[in-house]
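Chain by chain, the residues run as shown.
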Amino acid sequence: MDFLTLFAIYGIVVLGCILLMCTYTSQVETSLGRLGNFSTKVSSLFLPEWLQTTLRGAFHRLFHQQNRLFVALHFMLEAAVYGEFTFEVFGYCREMGFGINGLLWPYWLFAVKTYFFYRCSTKDPGTIKRSNHGQLLQVYPYDGLMFREATSCPTCEFVKPARSKHCWICNRCVHRFDHHCVWVNNCIGALNLKYFLAYLVTLTAAVASVTLLTGGLLLQAVLSSDLINATYIDNSGLTHPVGLLFIIQHLFLTFPRIVFMLGFLIFLFLLLVGYTFFHFYLSLSNKTSNEWYKLRSLVLCHHLHNSQGNIYFKGLVANLKEIFQPVNTSEKKSN
Ligand SMILES: [Zn+2]
Ligand SMILES: [Zn+2]
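Remember, it's a predicted structure, so these values are computed and weren't measured experimentally.

A. Region of the structure containing the overall build of the chain. Per the secondary structure count, the chain includes eleven helices and eight strands. A burial count over the chain gives 41% of its 335 residues as buried. Looking at the chain alone, contacts between residues at least 24 apart form 65% of all its contacts between residues at least 6 apart. Per element, the accessible surface of the chain, about 18900 Å² overall, is 67% carbon and sulfur.

Next comes the structure, spelled out in structure tokens:
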């Protein structure tokens, strides 16, 4: 089996998993939900009813109930990547003369990332309780658009402060609710958003460092073997220079695990960079993920101009300050 066939199988499996997740986990009102509805109809044509029910139940427990499975998965994935890096890449890099200081960067970043992960997953995101409810009502004004006065949470049985939302996975209302993150098994809210951002940045940097060293090792292997200048003879006896595809196939056959890991790392890095930029965009514009989605729906459904929607914008620096120094509950409403 050649590299491209293997890569195509890998891509189909990943896309299949994403489609399965859309089918059995998403909420109806989201884009993923609509995609999920469509794939539910398609899958019901060839999957028996009992299998659909089992899958729906398993994914519901996985995504819609609080559990530590994703935390365990997260650590297993890291153990696999760092194990492979330590036992194969690190040794080859040393043999090829890479400096020890550069090779230790992934480990430093791993330690810092793990600290922020711990803080993010254990810190209270801003649970609204009877004791702080009165104070939190004073923090943000109602914009009358996304958040309306006198809207009550039927579960917590109190009036919801502006920018709060009830997390139905954790079963609590959270102050300045952003989203529920399955990877850290916690809500992201006013009090732990700074740790979440720091976690995203350090995780992206850790992935980037392992990717660069692994890519550097493979590049060094190509350069030191002079593979770029190699030629091959075809069936007609003609000589051709080897192309990029040949080099990739050669590397895949020589270092299969390392090339597979590098492909995964590049994919993960691009995903993380996009997600991190998205969260910095939200932070700079003083929106939560929840508000971004609500505003987007309002713009789409009611043709509202985007700038009309966010009264919480205070300026770029002040917006960032609000995240790193969450609004004091004793501050008064600005209007
Ligand atoms: Zn609630
Ligand atoms: Zn939650």
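More follows now that the structure is in view.
B. Local environment of helix α5 (residues 100-122). For α5, which comprises 23 residues, the first-to-last C-alpha distance of 34 Å matches the rise-based estimate of 33 Å (1.5 Å per residue) to within 8%. Most pronounced at P106, the bend in α5 amounts to some 30°. All of the buried residues along α5 are L103, P106, L109, K113, F116, F117 and C120. The secondary structure elements touched by the buried residues of α5 are α4 (69-95), β6 (186-188) and α7 (193-224).

C. Seen up close, the coordination of the zinc ion (ligand 1). Bound to the zinc ion (ligand 1) on the protein side are C153 (SG), C156 (SG), H166 (ND1) and C173 (SG), at distances that span 2.0 to 2.3 Å. Each of the four donor atoms bound to the zinc ion (ligand 1) contributes to angles spanning 102 to 118°, and the resulting shape is tetrahedral. Each donor residue of the zinc ion (ligand 1) lies on one chain, and together they are spaced C-x2-C-x9-H-x6-C. One end of the pair, C156, is in the loop between β1 (152-153) and β2 (158-159); the other, H166, is in strand β3 (residues 165-167), with ten residues separating them in the sequence. Among the residues examined, C156 registers a relative accessible area of 17% and is labelled buried.

D. Representation of the UniProt feature "transmembrane region" (unreviewed entry) in the chain within the structure. UniProt records the feature "transmembrane region" (unreviewed entry) for residues 6-24, 196-218 and 262-282 in the present numbering. Taken end to end, residues 196-218 is 100% helix and 0% strand, and its two terminal C-alpha atoms sit 33 Å from one another. From the first C-alpha to the last, residues 262-282 spans 30 Å; its make-up is 100% helix and 0% strand.

E. Broad picture of the coordination of the zinc ion (ligand 2). Coordination sphere of the zinc ion (ligand 2), protein contribution only: C167 (SG), C170 (SG), H180 (ND1) and C187 (SG), at 2.1 to 2.3 Å. With four donor atoms in place around the zinc ion (ligand 2) and angles of 98 to 124° between them, the coordination shape is tetrahedral. Here the donor residues of the zinc ion (ligand 2) are spaced in sequence according to C-x2-C-x9-H-x6-C. Taken together, the positions of C170 in the loop between β3 and β4 (172-174) and H180 in strand β5 (residues 179-181) put the pair ten residues apart, joining distant regions of the chain. Each member of the pair, C170 as well as H180, carries the same accessibility label: buried.

F. Examining the packing of aromatic side chains more closely. Counting across every chain of the model gives 14 aromatic pairs. Residues F75 and F117 carry aromatic rings whose centres are separated by 5.5 Å and whose planes lie at 85° to one another, so their mutual orientation is edge-to-face. Of this pair, F75 sits in helix α4 while F117 sits in helix α5, and the two are 42 residues apart along the sequence. What makes F117 buried here is its relative accessible area of 5%. Relative to F255, the ring of Y92 has its centre 5.5 Å away and its plane inclined at 85°; by these criteria the two rings are edge-to-face. On the criterion of sequence distance, the pair formed by Y92 in helix α4 and F255 in the loop between α8 (244-254) and α9 (256-284) is long-range, its members being 163 residues apart.

G. Quick look at the confidence of the model for the chain. Across the chain, pLDDT averages 84, with 82% of residues at or above 70. Taken together, the stretch residues 25-30 has pLDDT below 50 and engages in 14 contacts with residues farther than four places along the chain or on a different chain.

H. Expanded view of unusual backbone geometry. Unusually for a residue other than glycine, A150 sits at a positive phi of about 65°. Judged by relative accessible area, which is 64%, A150 ranks as exposed.

I. Structural detail: the environment of R94. Position of R94 relative to the elements: it lies in helix α4. Between the C-alpha atom of R94 and that of L217, which follows or precedes it by 123 residues, the distance is 9.8 Å. Residues within four places of R94 in sequence aside, it is in contact with G99, I100 and L103.

J. Structural context of the side chain of S164. Examined against the element boundaries, S164 turns out to sit in the loop between β2 and β3. Here the side chain of S164 touches P161 through a polar contact of 2.6 Å, landing on its backbone oxygen. Filtering out sequence-adjacent residues up to four positions away, S164 remains in contact with I128, F147, V174, H175, R176 and F177.

Basis of the calculations
Residues numbered from 1 in each chain as written. Chains lettered and ligands numbered in written order. Predicted model: local features only at pLDDT ≥ 70, side-chain atom pairs only at ≥ 80, totals over all residues. Heavy atoms only, no water. Helix = DSSP H or I, 4+ residues; strand = E, 2+ residues; numbered from the N terminus. Buried < 20%, exposed > 50% of the residue type's maximum accessible area, 1.4 Å probe, protein only. Contact = heavy atoms within 4.5 Å. Areas by Shrake-Rupley, 256 points an atom, 1.4 Å probe, with all protein chains shown as cover. Expected span 1.5 Å × (residues − 1). Bend = angle between axes of the 7 residues up to and from the residue. Donors = N, O, S within 2.8 Å, 3.2 Å for Na, K, Ca; no water. Tetrahedral: all angles 85-135°; square planar, octahedral: opposite > 155°, others 65-115°. UniProt positions renumbered as here; feature names shortened; annotations may be inferred. Phe/Tyr/Trp six-rings, centres within 6.5 Å; stacked < 30°, edge-to-face > 60°. pLDDT = per-residue confidence, 0-100. Polar contact = N/O pair within 3.5 Å; in protein donor to acceptor, adjacent residues only side chain to side chain.

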